[in-house]
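Reading the structure
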Amino acid sequence: MRRPLVQVYIRFELNIHPVILMGCAFAGMALGCASAFPFDRNGSYLFLSWRPQVTSDKVFGFWTATYIATALLGVAVCVVYINLEESVYYWDFAAYFNTFNREGALLVKSPLEWLSHVGISIERDDYSAAILVPLMPFYLLFGGSRLSYMASIVAVYFVPTILVIARMSYVEAVSATSPSRGWFAVWIAVFLYTPFWAATLRGLPDIAGCFALATGTWILWKSKFLTREPVISAMSAGACLWLAFMLRRWYAYSVMGVAISAAFFCLLLVAKDRDFPALRKAMLGGICAIAVILGSAWNFQLPLIARILGTSYGDLYSGYRTDLVTQLGEMASRLSCLNWLLVLVGLCLSVARGNRFVMFCAVASVLTFFLFTRTQDPERHHSMPMFLWLFPAYAQAIVAIVSVPALRARWSTAVIAVAAGLAFLGTFFPIGRQLLSPVSVVFAKEATLPLHLDNLPEYRRLIADLTSKMGPEDRFSVFASGSVLSDSLLFGMDRNLLPYVGWSCQVDSRDQFVPEALKSRYAVVTDRPVTHLQWGAQLCVTMPNQYIFEGKGIGAAYKRIAAYQLSGGVAGYLYERMRPVSKVEIDALYSEFKKKYPHWTAPE
């Protein structure tokens, strides 16, 4: 049956135009931020205030030099970090890295096919390839190495994001009556801000959404929450917020958080000034912003939106959700105690001085946290927008310290640089964490050390045994799901294993048990069970692992044929299935599952 013309036209739009639109959006954000960068709230040039006249060429030169210096330092950090890693990447640490190489290879092979593929990915995929589009020049120039991939994230997303949030925070922290001081200290602090680096060094490009959020936040603030030029400001802010969601869908919570915070502070502003015409303008702006967000999502992401609306993510990711105390502890562990103290000091100073920008951002951060944690605990990448909006408070404290008349700005900056540097070293590098362990308050409790596996030869022996024993029709299943062992880790070490993987469950609430895994000829299990979530959230891993290891129930069908000493003192074992697992044995396994999941049904 022939499709209506309108459907064909929409398909063309989805395949081609999202890429062009995204490029225009990024260019618009960059130009908007760059045009505003050099001036404070009074229009004075912030960083070269000793010059009587500053030309646009000098402004451009200043920010170009700042960008290049920051990018080179960022790439240098990546070089050191990658050289300390063992190139064993799995799960989210490998997902976008592998996609980076696939998209790059497709771009080289057929640019038109690549454009079409990106459009479809934006339309349908949870892990959209759109976030990798601006990174493709690095693939074309430098290839698909881990360093090329990491350098592209740093140069394209990380550096613009930290410069934007640093500039915003500095402008609002500097008093309108005192001289501008402390920019260098703020730059050091934002460059060494551990929450931004933690996800980036793990190979996650999610900081791209923070660039869009930061720009949208600035537009909302400078337009006085859409009361100035409401239509243009709303369209710009709406485009930025939609772009954040389009790049990574979970940014929807951050978009809601900043929108609610903006509405709250707008109402406060209107109530204070009794400016009801401004309220009408804000309402008009809000309608325009919502129209831009919904219209863009409808036009470019309708299948994805339909799937999101039909999915209960609270149930799907319940295995990833703990209690509020644990969630707050996880968030607290991503900044050092000293940095948290500076954030609290900055918040107190902002309240005392009436710095509403800091309070607006802090409320957005808190709202995002509570909205997101209704679904799951925030991982490193999920917490980035929350820490993005806490940075203005951090910068407020730094500027206040550097601007104290009794202290030399140079020495204050040096102290701040040392404190930030120690936090960075202790969080990301083993030697730094070891040396600073007596004063652990200076670095984050949650370490993001280079990926490392003890006894790497034992992993290679396991892979060699699997490769040598399996025939073309054989499969293997891994009943382990953590940083010590998983199927993703094994085929990450040897891509030739991928066709032989018998996929098994990893998370109860998301996957449920996969009975086909019991048809695999070989099974890999561990002693002790390897999991990565709270106890009880991965019964589909731990129970088959236990039965096979102990040789009871389904384990009676298996015979141990090899043993391995894996990382962290965990013992690994390779089993061969000697006969089919019986229906009685499968029913006995499901009877245990049903004690927690009554709706799970055994296969017929």
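Scroll up for the structure.
This text gives an overview of the structure that appears in the document. Just so it is clear, the structure is predicted and the values come from calculations on it, not from any experiment. (Residues numbered from 1 in each chain as written. Predicted model: local features only at pLDDT ≥ 70, side-chain atom pairs only at ≥ 80, totals over all residues. Heavy atoms only, no water.)

Some remarks on the overall build of the protein chain
Per the secondary structure count, the protein chain includes 25 helices and four strands. Within the protein chain, contacts between residues separated by at least 24 positions form 75% of all contacts whose residues are at least 6 apart in sequence. Carbon and sulfur atoms make up 65% of the accessible area of the protein chain, which totals about 26,700 Å². (Helix = DSSP H or I, 4+ residues; strand = E, 2+ residues; numbered from the N terminus. Contact = heavy atoms within 4.5 Å. Areas by Shrake-Rupley, 256 points an atom, 1.4 Å probe, with all protein chains shown as cover.)

So, the pairing of strand S4 (residues 571-577)
Looking along a regular strand, one sees side chains alternate from face to face of the sheet. Burial analysis of S4 places six of its seven residues in the buried class, which makes it a mostly covered element. Of the pairings in the sheet, the one linking strand S2 (residues 522-527) to S4 comprises six bridges and is antiparallel in character. In the strand pairing of S4, Val524 is matched with Leu574. Bridge count for strand S3 (residues 558-565) against S4 is seven bridges, and the pairing is antiparallel. Bridging from a neighbouring strand, Arg560 pairs with Tyr575 of S4. (Buried < 20%, exposed > 50% of the residue type's maximum accessible area, 1.4 Å probe, protein only. Pairing = 2+ DSSP bridges.)

Thoughts on the packing of aromatic side chains
Inspection of every chain in the model, using the stated rule, returns 46 aromatic pairs. Consider the rings of Tyr590 and Phe593, whose centres lie 5.6 Å apart with planes at 90°: the pair is edge-to-face. In this pair, Tyr590 and Phe593 are both assigned in helix H25 (residues 583-593), three residues apart and thus about one turn of the helix distant. Neither Tyr590 nor Phe593 differs from the other in exposure class; each is buried. In this structure, Arg146 is placed above the aromatic ring of Phe97, and the distance from its NZ or CZ to the ring centre is 5.0 Å. (Phe/Tyr/Trp six-rings, centres within 6.5 Å; stacked < 30°, edge-to-face > 60°. Lys NZ or Arg CZ within 6 Å of the ring centre and 35° of its normal.)

Concerning the packing of helix H8 (residues 194-201) against helix H19 (residues 409-428)
At a minimum axis separation of 11 Å, H8 and H19 run at an interaxial angle of 30°. With respect to each other, H8 and H19 are oriented roughly parallel. The two elements H8 and H19 cross, and the hand of that crossing is right-handed. Between H8, through Thr194, Trp197, Ala198 and Leu201, and H19, the contact on the second element is made entirely by Ala423, Phe424, Thr427 and Phe428. Residues that form the contact of H8 with H19 fall into these classes: six nonpolar, two polar and no charged. (Axes fitted to C-alpha atoms, helices over the stretch in contact; angles between N-to-C directions. Parallel < 35°, antiparallel > 145°, perpendicular 65-115°, else oblique. Left-handed = near helix turned anticlockwise from the far one by under 90°. Nonpolar A, V, L, I, M, F, W, Y, C, P; charged D, E, K, R; others polar.)

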